[in-house]
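Observations on the three-dimensional arrangement
The residues making up each chain are set out below.
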Amino acid sequence: MKAFRILGRNIRDSFKSVFRNFSLSLASISCITITLIVVAVSIVLSLNVNNFTTIVEKDVTIVAFLDLDITEEEREDVYNALLTLDNVEKENVEFIDKMDIAQDMIDSSDIWEGVMSDWTREDSPLQDTYQIKVTDINLINKTADEIKNIDHISTVKYGEGMVDQLISVFDVIRKASIGVVIALIIVTAFLIANTIKITIMSRKREIEIMRLVGASNINIKIPFIFEGLLLGLLGSIIPIALTLYGYTAFYNHFDGQLFTQFIKLIEPTPFIYYTSLILLAIGMLVGMFGSSRAVKKYLKI
């Protein structure tokens, strides 16, 4: 019970201190709010870019063309061989009949209809195919080579040069977005810590009086740490509100996609709640950290 009373007193004193030093507290809260808004925008952008690259990677497909004279039994053997490969998604190995391919081409253009309408299975120059998706796009080149070595597969295509370039670009984008978010969080920590330090410096005399009356270092630090936590909590309210309502409105306005159906945004739920928790944690932890470091200077620990 004593611990709860001490905790309650420290929280009460933190609220009083924030309002007693309102102008300086407002400066700290404003700094936290502005920097967390920037962090929120960076997190939303980086995670949506990562989501887009993941979607594109999942859509990359290997097309294996079968021999023209392949039999039903041989086609089944090819299918079973594909399922044994490590990097192949077993549920996404799809057979496409060459007559279905021809029909799709006929439906897409009157020109193809004039050329292909009389084709039969026996005289069609098209080939049956298997469309294969991989579990790890970084190993797609190796998987394509393994597929080429399967009997009765004549050709393998997956947009080799373009896919390799996409993999490189996506890897750079992922690393850059993660780096930007980490850098912004570090900058945020320094900005908030320095702002809170100015607030604490103005109360140097208050700390000295506490030391003179015999207060221990920990008893002096705790109220200021709680005050930093409170400043971080108050400063994160607006960024969290913008994340919760702003991103949801943005998502609904663009129907969950940007410019094209291929650039899909992350669905708001539960994304906005996870992002809000991250912002709240950053604000509170950095507020506590900034207050702790600022007070430490005057305690001569």
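Criteria and cut-off values
- Residues numbered from 1 in each chain as written.
- Predicted model: local features only at pLDDT ≥ 70, side-chain atom pairs only at ≥ 80, totals over all residues.
- Heavy atoms only, no water.
- Helix = DSSP H or I, 4+ residues; strand = E, 2+ residues; numbered from the N terminus.
- Buried < 20%, exposed > 50% of the residue type's maximum accessible area, 1.4 Å probe, protein only.
- Contact = heavy atoms within 4.5 Å.
- Areas by Shrake-Rupley, 256 points an atom, 1.4 Å probe, with all protein chains shown as cover.
- Patch = residues over 30% accessible without salt bridge, like charges linked within 9 Å, V, L, I, M, F, W, Y side chains within 5 Å.
- Salt bridge = Lys/Arg side-chain N within 4 Å of Asp/Glu carboxyl O.
- Phe/Tyr/Trp six-rings, centres within 6.5 Å; stacked < 30°, edge-to-face > 60°.
- Pairing = 2+ DSSP bridges.
- Axes fitted to C-alpha atoms, helices over the stretch in contact; angles between N-to-C directions.
- Core = buried A, V, L, I, M, F, W, Y, C linked by side-chain atoms within 4.5 Å.
- Polar contact = N/O pair within 3.5 Å; in protein donor to acceptor, adjacent residues only side chain to side chain.
- Lys, Arg positive; Asp, Glu negative; His and termini not counted.
- Charge placed at Lys NZ, Arg CZ, Asp CG, Glu CD.
- Parallel < 35°, antiparallel > 145°, perpendicular 65-115°, else oblique.
- Nonpolar A, V, L, I, M, F, W, Y, C, P; charged D, E, K, R; others polar.

**With respect to the overall build of the protein**
On a plain count of helices and strands, the protein comes out with 11 helices and four strands. When burial is assessed residue by residue, the protein has 37% of its 301 residues classed as buried. Considering only contacts in the protein between residues 6 or more positions apart, those separated by 24 or more positions represent 81%. Counting only carbon and sulfur atoms, one obtains 63% of the accessible surface of the protein, whose full area is about 17600 Å².

**Some details on a nonpolar patch on the surface**
A contiguous nonpolar patch, built from Ile178, Ile182, Ile186 and Phe190 and spanning about 410 Å² of accessible area, is present on the exposed surface. Positionally, Ile186 belongs in helix α7 (residues 160–201). The partly exposed category is assigned to Ile186, whose relative accessible area is 45%.

**Some details on the packing of aromatic side chains**
The geometry of two aromatic rings is summed up by the distance between their centres and the angle between their planes. Evaluation of the coordinates by the stated rule reveals five aromatic pairs. Their ring planes at 40 degrees and their centres at 6.5 Å tell us that Tyr247 and Tyr251 sit as a pair that is tilted. Taken together, the residues Tyr247 and Tyr251, both in helix α10 (residues 237–253) and four residues apart, mark about one turn of the helix. Assigned by exposure class, Tyr247 and Tyr251 land together as buried.

**Section: the pattern of salt bridges**
For the coordinates displayed, the defined rule picks out three salt bridges. The salt bridge partner of Lys142 is Glu146, with a shortest N-O separation of 2.8 Å. Within this pair, Lys142 and its partner Glu146 are both found in helix α6 (residues 140–148), separated by four residues, close to a single helical turn.

**Things to note about the sheet that holds strand β1 (residues 62–66)**
Spatially, four strands are ordered β2-β3-β1-β4 in an open sheet, and the strand pairing comes out antiparallel. A strand with exactly one partner marks an edge of an open sheet, and here the two such strands are β2 (88–96) and β4 (153–157). Direction aside, neighbouring strands of the sheet carry axes that sit 20 degrees apart on average. Judged from the five bridges that link them, β2 and strand β3 (residues 129–134) form a sheet pairing that is antiparallel. Paired with Ile96 across the bridge in β3 is Thr129. Strands β1, β2, β3 and β4 of the sheet are contacted by helix α3 (residues 72–83), whose axis makes an angle of about 160 degrees with β2.

**Describing the nonpolar core**
Here is a general trend for soluble globular proteins: nonpolar side chains tend to be buried in one another's company. Judged by nonpolar contacts, the single largest core of 21 residues is most densely connected at Ile62, Val78, Leu82, Tyr130, Ile132, Ile147 and Ile153. Listed by contribution, the elements that provide at least two residues to this core are β1, α3, β2, β3, α6 and β4. Discounting residues that sit within four places of it in the chain, Ile153 has contacts with Ala64, Phe65, Leu66, Asp67, Val78, Ile147 and Lys148. Ile32, Val39, Ala40 and Val286 belong to the second-largest nonpolar core, a separate cluster that totals 13 residues.

**Considerations on the environment of Tyr158**
Mapped onto the elements of the fold, Tyr158 is located in the loop between β4 and α7. Taking the C-alpha atoms as reference points, Tyr158 and Ile132, separated by 26 residues in sequence, lie 9.6 Å from one another. In this structure the side chain of Tyr158 is engaged in a polar contact, spanning 2.9 Å, whose partner is the side chain of Asn141.

**Let's talk about the side chain of Asn48**
For Asn48, the location among the structural elements is in helix α2 (residues 22–59). When residues no more than four places from it in sequence are discounted, the contact partners of Asn48 are Tyr247, Lys264, Leu265, Ile266 and Phe271.

**A look at a negative patch on the surface**
A surface patch of negative charge is lined by Asp100, Asp104, Asp107, Asp110 and Glu113. Counting only elements with at least two residues in the negative patch, the list comes to α4 (98–108) and α5 (110–116). By residue number, the principal contributor to the negative patch is α4, which donates three residues. With respect to the element layout, Asp100 can be found in helix α4.

**Points about the packing of helix α9 (residues 217–235) against α10**
Relative to each other, α9 and α10 sit at 30 degrees, their axes nearing to 4 Å. Relative to α10, the element α9 is oriented roughly parallel. Along the contact surface, α9 presents Leu233, Leu234 and Gly235, while α10 presents Ile237, Ile238 and Pro239. Per-class residue counts for the contact of α9 with α10 are five nonpolar, one polar and no charged.

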